[in-house]
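# Structural description and commentary
The primary structure of each chain is shown beneath.
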There are 2 protein chains.
Amino acid sequence: MDDIDRHIVTALVADGRMSYTDLGKLIGLSTSAVHQRVQKLEERGVLRGFRAVVDPEALGLSLTAFISVKPIDPAAPDDVPDRLKGLVEVEDCYSVAGDENYILKVRVGTPGELESLLARIRTDAEVSTRTTVVLSTPFEARMRGTTPA
Amino acid sequence: MDDIDRHIVTALVADGRMSYTDLGKLIGLSTSAVHQRVQKLEERGVLRGFRAVVDPEALGLSLTAFISVKPIDPAAPDDVPDRLKGLVEVEDCYSVAGDENYILKVRVGTPGELESLLARIRTDAEVSTRTTVVLSTPFEARMRGTTPA
DNA sequence: TGTGCCTGTCGATATCGTCCACGGGCCCAC
DNA sequence: GTGGGCCCGTGGACGATATCGACAGGCACA
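Keep in mind that what you see is a predicted model, and the values were worked out from it rather than measured.

## Concerning the interface of chain B and chain A
Counting residues at the interface gives 61 residues for chain B and 61 residues for chain A. Counting every contact that joins chain B to chain A gives two salt bridges. Asp 55 of chain B is paired through a salt bridge with Arg 48 of chain A; the nearest N and O atoms lie 3.0 Å apart. For the pair chain B and chain A, the number of links is 45 residue pairs in polar contact (both at pLDDT 80 or more). Elements represented by at least two residues in the side of chain B that touches chain A include exactly helix 1 (3–14), strand 1 (47–54), helix 4 (80–84), strand 3 (90–96), strand 4 (102–108) and strand 5 (127–139) of chain B. Element by element, the count of residues in the side of chain B that touches chain A is highest for strand 5 of chain B, at nine residues. Class assignment of the residues belonging to the side of chain B that touches chain A gives a composition of 37 nonpolar, nine polar and 15 charged. When strand 3 (residues 90–96) of chain A meets strand 5 of chain B, the two strands line up antiparallel, connected through three bridges. Within strand 5 of chain B, the position partnered with Cys 93 of chain A by the bridge is Phe 139 of chain B.

Okay, structure coming up:
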C-alpha cells in the first residue's frame, strides 16, 4: 500500500470504469503493472468491488430517513441486524454508542411507505424507533482515496 | 424506465464492471441494445457513474461517526454545507427535520482526529455538535435497483 | 396506406483486458 | 564480492470487448 496504490484507488473511486491503459498513463506505469496492482488490491480486500451509482430519485425513492432504534427488552439477545437485513429499504445499519443501539438509513418513496416500514421494523426487530427525515442532501458518498496529513 | 432498465441497473449496481456482452446475455438482449440503454440511463442521470468500493479500514479510516449539528446563531444565513465541503473527512451531509439541522457522517483514523475534526466543524460552520460514534457496521450501502411492491 | 419514431439486430473495426516471458533492482547468505 | 531468490515493472501477442453505423420490424397517428 504505497503512494502508487493510493493513487490507483483514488482514480478508481472517481471513475470505476477507467481502462487500465488510461490508468497507466495517468499514474505513469505500464498497463500490465497497473493490472497487477489492481488485482492485488482486490485480493487484499482494499478494493471491494465496482458498482454503478444510481440516483435514488430516478428509482422513485425520494424519501430518505434515519431511524435510531432501541430494543424494547434490553435483556433480549441482540440480533437486530439479522432481523432487519431482509428489509431492502434499509440501506445502512450501524451499531452505535449512545442512547440508542443502532442507526439505520432507509429510503422509500412516500411518507406512507415510511410509516409501514417503521411498523415492520418495530415488529420484526422488537425495537422502539426515533425517526429523522432527510429534507435534502447537500452531498453524499464522497470518498477520499488517500489519508490526509 | 421499464423493467429491462431496472434489470440493467440492478445488475450494474451489483457489478459495475460487467461487460455489455455478459449484461446482454443476462437480460436477453443484444450487446448493442444494452449499450444504447446504458448510455440513455447515463444521459438521463439515472446512472450517475461508476466507482470502486474501498474498504475504509484499508485506508486507515477505522473510526466512523455521525455528527448532528445546529447553528449557534439560528438567525445567521445557513451555509453550513458550503463551509463543510472542504473537510474531506465529512462523507455525507444531510439537511434534516428535527431538533438539529444537519447530520454528517465522518470517517477518521483515531479518536484524536475526531476531536480535532469536531473543533474544525464547530469553528468553520459556527455550530454546536452532538456526536454518535459507530461501533460496528453490520451492513452498509446496500442498494436495490428495483422498487419492491 | 404511408410516415416517422423508437428500439432492436447485425457486422466491422479499433481498443482493451489478459496472459506470458523477459529483465533489472534489492536483500541476504556465504 | 558474488551468486541466488524474490519482487516488480516492461513489452508483446492473443482473444475478447466497446463502439459505431447501417438496416429491419413494430407501433401510433394522420
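After presenting the structure, the write-up continues.
## Focus on the UniProt feature "domain: HTH asnC-type" (unreviewed entry) in chain A
When the UniProt feature table is mapped to this numbering, "domain: HTH asnC-type" (unreviewed entry) covers residues 1–62 of chain A. Structurally, residues 1–62 of chain A is divided into 53% helix and 13% strand, and its ends, taken at the C-alpha atoms, are 39 Å apart.

## Some points on the protein's contact with DNA strand D
Of all residues adjacent to DNA strand D, which total 14 residues, the nearest are Ser 30, Ser 32 and Arg 37 of chain A together with Tyr 20 and His 35 of chain B. When the atoms of DNA strand D within 4 Å of the protein are grouped by moiety, sugar and phosphate amount to 67% of the total. Within the backbone of Tyr 20 of chain B, an N or O atom sits 3.0 Å from a phosphate oxygen of DNA strand D. Secondary-structure elements contributing two or more residues to the surface near DNA strand D are helix 3 (31–43) of chain A together with helix 2 (20–27) and helix 3 (31–43) of chain B. For the surface near DNA strand D, the element with the highest residue contribution is helix 3 of chain A, accounting for five residues.

## Some points on the protein's contact with DNA strand C
Taken together, 13 residues lie near DNA strand C, and His 35 of chain A together with Ser 30, Ser 32, Arg 37 and Lys 40 of chain B sit nearest. When atoms of DNA strand C within 4 Å of the protein are sorted by moiety, sugar and phosphate together comprise 68%. At 3.1 Å from a phosphate oxygen of DNA strand C is found a main-chain nitrogen or oxygen belonging to Tyr 20 of chain A. One nitrogen or oxygen atom from the side chain of Ser 32 of chain B is found 2.6 Å from a base nitrogen belonging to DNA strand C. Secondary-structure elements contributing two or more residues to the surface near DNA strand C are helix 2 (20–27) and helix 3 of chain A together with helix 3 of chain B.

## Some details on the sheet that holds strand 3 of chain B
Hydrogen bonds between backbone groups are what pair the strands of a sheet, and the pairing can be parallel or antiparallel. What the eight strands build is a closed barrel, ordered 2(A)-4(A)-3(A)-5(B)-2(B)-4(B)-3(B)-5(A); its pairing is antiparallel. Taking the axes of each pair of neighbouring strands and ignoring which way they run, one obtains an average angle of 35° across the sheet. Set on the sheet, helix 5 (residues 111–125) of chain A makes contact with strand 2 (63–71), strand 4 (102–108) and strand 5 (127–139) of chain A; between it and strand 5 of chain A the angle comes to about 140°. Most of the contacts of helix 5 (residues 111–125) of chain B go to strand 5 of chain B, to which it runs at about 140°, and overall it touches strand 2 (63–71), strand 3, strand 4 and strand 5 of chain B.

About the criteria used
- Residues numbered from 1 in each chain as written.
- Chains lettered and ligands numbered in written order.
- Predicted model: local features only at pLDDT ≥ 70, side-chain atom pairs only at ≥ 80, totals over all residues.
- Heavy atoms only, no water.
- Contact = heavy atoms within 4.5 Å.
- Salt bridge = Lys/Arg side-chain N within 4 Å of Asp/Glu carboxyl O.
- Polar contact = N/O pair within 3.5 Å; in protein donor to acceptor, adjacent residues only side chain to side chain.
- Helix = DSSP H or I, 4+ residues; strand = E, 2+ residues; numbered from the N terminus.
- Nonpolar A, V, L, I, M, F, W, Y, C, P; charged D, E, K, R; others polar.
- Pairing = 2+ DSSP bridges.
- UniProt positions renumbered as here; feature names shortened; annotations may be inferred.
- Near = heavy atom within 4 Å.
- Axes fitted to C-alpha atoms, helices over the stretch in contact; angles between N-to-C directions.

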